[in-house]
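Analysis of the macromolecular model
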Amino acid sequence: MFYDPPPPPSYPARPTYPWQPPAPPPPRPQPARAPIGHHSDLRLLRGAYRWQRRTATITALGYFTLFLVLSAFAPHVMTRTVADGIPAGLLLALLQLPVTWLAIALYEHTARRRVDPLADRIRKEAELDARRGAAR
């Protein structure tokens with residue numbers, strides 16, 4: 001067993017063997033900006049997306065729940081004839097499809113108005129961060 005003593009402090013550190021790779025360069029300082037994962041815009045995006053889901057869900061499920069409650073607790077309303085012998089229950093059931101379309105349209109509208117602009121801004125910032133990281 002051979003012991004290789006450390007070099008004196010006045011000499012720079014040299015590899016023991018000539019085929020050893022050079023020491024890695026010191027790490028570069030990170031930018032002062034917070035990384036994209038901790039950005040406050042992500043919280044805004046999550047909140048906008050949550051609001052969007054709740055609005056569309058309440059629209060579709062709220063109407064369906066109303067239909068079920070009327071069917072269970074107000075059968076006299078559901079069996080009442082509305083026009084030309086069509087019961088109100090059948091008319092309300094047929095309106096379920098347009099209400100679902102309305103929920104989808106509301107979902108798309110809120111996506112274009114609230115969620116998409118935030119997502120686009122975050123995407124652009126992430127691309128800039130990626131380019132800055134690649135340039136280092």
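Rules used throughout
- Residues numbered from 1 in each chain as written.
- Predicted model: local features only at pLDDT ≥ 70, side-chain atom pairs only at ≥ 80, totals over all residues.
- Heavy atoms only, no water.
- Helix = DSSP H or I, 4+ residues; strand = E, 2+ residues; numbered from the N terminus.
- Expected span 1.5 Å × (residues − 1).
- Buried < 20%, exposed > 50% of the residue type's maximum accessible area, 1.4 Å probe, protein only.
- UniProt positions renumbered as here; feature names shortened; annotations may be inferred.
- Patch = residues over 30% accessible without salt bridge, like charges linked within 9 Å, V, L, I, M, F, W, Y side chains within 5 Å.
- Areas by Shrake-Rupley, 256 points an atom, 1.4 Å probe, with all protein chains shown as cover.
- Salt bridge = Lys/Arg side-chain N within 4 Å of Asp/Glu carboxyl O.
- Lys, Arg positive; Asp, Glu negative; His and termini not counted.
- Charge placed at Lys NZ, Arg CZ, Asp CG, Glu CD.
- Core = buried A, V, L, I, M, F, W, Y, C linked by side-chain atoms within 4.5 Å.
- Contact = heavy atoms within 4.5 Å.

What follows covers helix α1 (residues 40-73). Between the first and last C-alpha of α1 there are 47 Å, a value that for 34 residues agrees with the 50 Å anticipated at 1.5 Å per step. All of the buried residues in α1 are D41, L45, A48, Q52, T55, A56, Y63 and F67.

The next thing to look at is the UniProt feature "transmembrane region" (unreviewed entry) in the protein chain. UniProt annotation of "transmembrane region" (unreviewed entry) refers to residues 55-74 and 86-107 when read in the numbering used here. Taken as a whole, residues 55-74 contains 95% helix and 0% strand, while its terminal C-alpha atoms sit 27 Å from one another.

This part takes up a positive patch on the surface. A contiguous patch of positive charge, built from R43, R46, R50, R53 and R54, is present on the exposed surface. One can find R53 in helix α1. Take R53: its relative accessible area is 37%, and that puts it in the partly exposed class.

Turning our eyes to something else, we now look at a nonpolar patch on the surface. A surface patch of nonpolar side chains, about 500 Å² in accessible area, is lined by V82, I86, L90, L91, L94 and L95. Top contributing element to the nonpolar patch by residue count: helix α3 (residues 88-94), with 3 residues.

Core analysis: the biggest nonpolar cluster contains 6 residues, these being L45, A48, V115, L118, A119 and I122. Broken down by secondary-structure element, the contributors of at least two residues to this core are α1 and α4 (96-135). Looking at which element gives the most residues to this core, the answer is α4, with 4 residues. When neighbours within four sequence positions are excluded, A48 is seen to be in contact with R114, V115 and L118.

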